[in-house]
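A closer look at the structure
Here are the chains, one letter per residue:
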Amino acid sequence: MEKEVILKVSDLCKTFKLSKKQQKIQNTASKVKVAVDHLSFEAYKGEIFGLLGPNGAGKTTTLRMLSTLIRPDSGDVIIDGVSVVKQPELVREKIGFLTSELKLEEFFTPNYLFDFFSDLHGVEPQVREERKARMFKRFGIDQFAEVKVANLSTGMKQKTSLVVSLVHDPDIIIFDEPTNGLDVITARTVTDYLAELKAEGKTIIVSTHIFSLVERLCDRVGIVINGQMTVCDTLKALTAEKSLEDKFFEIYMETAGD
Amino acid sequence: MENNVITIIKKEFARFFGDRRMVFTSLLMPGLIIYIMYSIMGNSFSNMADTSQSTYEIDVVNLPDSMSMLVDMDQTDVTTIEAGDVEDAKEKLKSEDLDLLIVFPDDFDEKMLAYDAMTATEPAPNIEVYYNSASTESSAAADLFSTVADQVESSLANKFDINAGDKVYDVASNEDQMAKMFAMMLPMLVLMFLFSGCLAVSAESIAGEKERGTIATLLVTPMKRSELALGKIASLSVIGVLSGLSSFIGTMLSLPKLMGEMGESGFSNVYQPTDYVLLFLVIVTAALLMVGSIAIISAFCKTVKEASTAVMPFMIVVMVLSFTTMMGSGAQKAVYWYLIPLYNNVQCLAGIFSRDYSLTNIVVTVIVNVVYSGILVGVLTKIFDSEKIMYTK
């Protein structure tokens, strides 16, 4: 069966300028840090694609470029036929982006925020109310829908962020470190939901450094080291001989060399 | 999607008006503090003026007949002392037990009458008046004496008078005088209040959202950056104006207390409805300009604290411009002055308050304000689009 490519990353590059202080901290004379280095991969419709790599490998930077928060230096990402470089606003309509860096205003309640972001995404009120009822029930947010975000626990906040980032029911969901900082129960709720979304036919891109998460969820995996895509294959192929963890370290030794 | 602008404005209002503490600190408190402060100032001024009611203890050496009226006055309690007691009297003056010490030369009256400024070879007879400037009573007593002495001096050689009698010679109406005074003071107060109102809310809404990481959440929605910029500036201007208005109302209410009888004739008698409409237009569009500028400065800052500091130089510019009306030369007439942002608002306010303005200049100012604000919205849009400024940690 021929799979449909819904997200195509080609030759993506991103460098950051380093300040004098940062140069000192990182003990380098180089004025630029290459965060993402000619990175390419494709994701198929309806799959969960995992970007696996150590901290600082460039996963988050890549996802930020996918979600149009930052612009690539060169290269492009085509999401459902739309270029993130040329039509970032159109891309933002198609994707849901979730990361712990995107915070919700603490003053407002989950209920208000759901409506507010629905408005910004142009969701019809009827659709919004139906969707809100369903999602709030699914995550138990209906219990604290009128409590200010400031007074919610970390898990509740994360659930609210998740729901709010999906108000427009996007077909492509980009999720940076989905279970970071969550307790086991909330983490399980989130990973279960990702599986549900996949069952609905959504495409999901996640970044993580947690092997078990990849093993449980992902259809295909890209291993990112030093801003480069070292291996990109199906989970099955990668774990044919040994566990994902052993495979990863084998690749890591070959690439990074220490 | 014009709706997004409305959505943003609604959110900003919900954020502001839903927060009782914020409403209190930026809408109620400024007016209240100013009212209380000015009322206290007004009371202490009138207390100072009250010293004219009290009696002054005055010691005099060699009191001449020509000055005997000093003794007859209600406010004075004159004691004649000998020349030898002068040093004691000075000590009493220092300790504020005495209000004034006047030492006349011997035979003051004769010397004075004999003195002719044209032919004299010696200096005129000198009266020594010792006072203590640290004491309000003593200063007032010294003033009283010099008034008396002046009267005596001029009555001795009266060749002509100016405006003698009780006729009113100043043809300016009471309203005109009020207007002139308002024109000197109010533009500065209005602009400063407006600025501080705009500063508080704008820094919070732009740098604050950046600091808390909530602005990035807005930036991943399909909303255009320009819609965010416009929505923010529009809503913040409204709040800035309301906050400025609070301070202004506080000032107006405390005016009668601050200025005594003159203030009581009131503000409402002096100005017409059209004046108020023009005033409103100038203030609202000036708020747009201020909010736009502060928002741009705030967007470069990582925290609210940093933003409040970074805005200081801009605030000094606004202050210096506002002070130009204190010279009281009235509003500029030539149109080109009204193309300079901020300065044009100062001039318009001075014109409106002094009831001497040209409508063209005010219309030009309002248009200039709107155009510059439009440019600022454009700049803010560009900034929202710049990852370097928005996400640099």
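Counting restarts for each chain: residues are numbered from 1 in the order of the written sequence. All chains are assigned letters beginning with A, and all ligands numbers beginning with 1, in the order in which they are written. Residues qualify for local features only when their pLDDT is at least 70, as the model is predicted, and side-chain atom pairs are given and counted only at 80 or more; totals for whole chains, interfaces and linings, by contrast, use all residues.

Per an unreviewed UniProt entry, chain B carries the name ABC transporter permease and comes from Roseburia porci. What the UniProt record of chain B gives under Subcellular location (unreviewed entry) is the line "Cell membrane". UniProt positions are given in the numbering used here, feature names are shortened, and annotations may be inferred rather than shown by experiment.

Looking at an unreviewed UniProt entry, one finds chain A named ABC transporter ATP-binding protein and attributed to Roseburia porci. According to UniProt, the comment filed for chain A under the heading Sequence similarities (unreviewed entry) is "Belongs to the ABC transporter superfamily."

Once that is clear, we can look at the environment of B:S298. Residue and element names in this part refer to chain B. Runs of E in the DSSP output that reach at least two residues are strands. Runs of H or I that reach at least four are helices, and both are numbered from the N terminus. Its location among the elements puts S298 in helix α11 (residues 273-299). Here the C-beta atoms are placed from the backbone, and a residue counts as buried if at least 20 other C-beta atoms lie within 10 Å of its own, exposed if 12 or fewer do, and partly exposed otherwise. Assessed through the 28 C-beta atoms surrounding it within 10 Å, S298 is described here as buried. Remark: the alpha-carbon pair of S298 and L199, spanning 99 residues in sequence, is separated by 9.5 Å. When sequence neighbours within four positions are dropped, the list of residues in contact with S298 reads S202, A203, I206, A207 and A307. By the criterion used throughout, residues are in contact when their C-beta atoms, derived from the backbone, lie within 7 Å.

Attention now moves to the sheet that holds strand β1 (residues 5-17) of chain A. All names here are of chain A. Strand pairing is defined by DSSP finding a minimum of two bridges between the two strands. A sheet is described by the order of its strands in space; here four strands give the open sequence β2-β1-β4-β5, paired in antiparallel fashion. The open sheet has two edge strands, β2 (32-44) and β5 (82-83), and neither has a second partner. Sheet topology note: the β1/β2 ladder contains nine bridges and is antiparallel. Each bridged residue has a counterpart across the sheet, and for L12 the counterpart in β2 is L39.

Another point: the domain arrangement of chain B. Note: interface size is frequently given as the accessible area lost on complex formation between the parts. Domain start and end points were adopted from an automatic or database domain assignment. Segmenting chain B into domains produces domain 1 (56-172) and domain 2 (179-390). Its C-alpha centre places domain 1 of chain B at a distance of 53 Å from the equivalent point of domain 2 of chain B.

Before going further, it helps to examine the nonpolar core. Residues A:I205, B:L194 and B:C198 are the most contacted members of the largest nonpolar core, which totals 135 residues. Ranked by residues supplied to this core, first place goes to helix α7 (residues 174-212) of chain B with 18 residues. Excluding residues within four positions of it along the chain, A:I205 makes contact with A:L7, A:A43, A:F49, A:L63, A:L66, A:I174 and A:F175. A set of buried Ala, Val, Leu, Ile, Met, Phe, Trp, Tyr and Cys residues, joined through C-beta atoms within 7 Å, is what we mean by a nonpolar core.

With that settled, the discussion passes to the interface of chain A and chain B. Residue-level contacts link 20 residues of chain A with 20 residues of chain B. Taken together, the elements giving at least two residues each to the side of chain A that touches chain B come down to α3 (88-94) and α4 (110-120) of chain A. Per element, the largest residue contribution to the side of chain A that touches chain B is four residues, and it comes from α4(A). Throughout, the ten residues Ala, Val, Leu, Ile, Met, Phe, Trp, Tyr, Cys and Pro are labelled nonpolar, Asp, Glu, Lys and Arg are labelled charged, and all others, Gly among them, are labelled polar. Its residues assigned to classes, the side of chain A that touches chain B comprises nine nonpolar, three polar and eight charged.

Moving on to helix α13 (residues 312-323) of chain B. Residues and elements named next belong to chain B. Taking 1.5 Å per residue, 12 residues should reach 16 Å; α13 reaches 16 Å between its end C-alpha atoms and fits that length. All buried positions along α13 are accounted for by V318, L321 and S322. Viewed along the axis of α13, the buried residues span an arc of 100°, placing them on a single side of the element. Opposite the packed face of α13, turned more than 90 degrees from it, sit the exposed residues M312, P313, I316 and V320. Check the buried side of α13 and you find it contacts α7 and α14 (343-353). Expected helix span is computed as 1.5 Å times (number of residues minus one). Read the arc as the range of directions from the helix axis to the C-beta atoms.

Next up on the list: the UniProt feature "domain: ABC transporter" (unreviewed entry) in chain A. As annotated in UniProt, the feature "domain: ABC transporter" (unreviewed entry) corresponds to residues 7-251 of chain A in the numbering used here. For residues 7-251 of chain A, helix accounts for 39% and strand for 27%, while the C-alpha atoms at its two ends are 25 Å apart.

What follows covers the UniProt feature "transmembrane region" (unreviewed entry) in chain B. All names here are of chain B. Within the UniProt annotation, "transmembrane region" (unreviewed entry) is assigned to residues 21-41, 181-202, 233-256, 276-301, 313-339 and 359-384. With 100% helix and 0% strand, residues 233-256 has end C-alpha atoms that lie 36 Å from one another. Regarding residues 359-384, the helix share stands at 100% and the strand share at 0%, and the terminal C-alpha atoms are separated by 37 Å.

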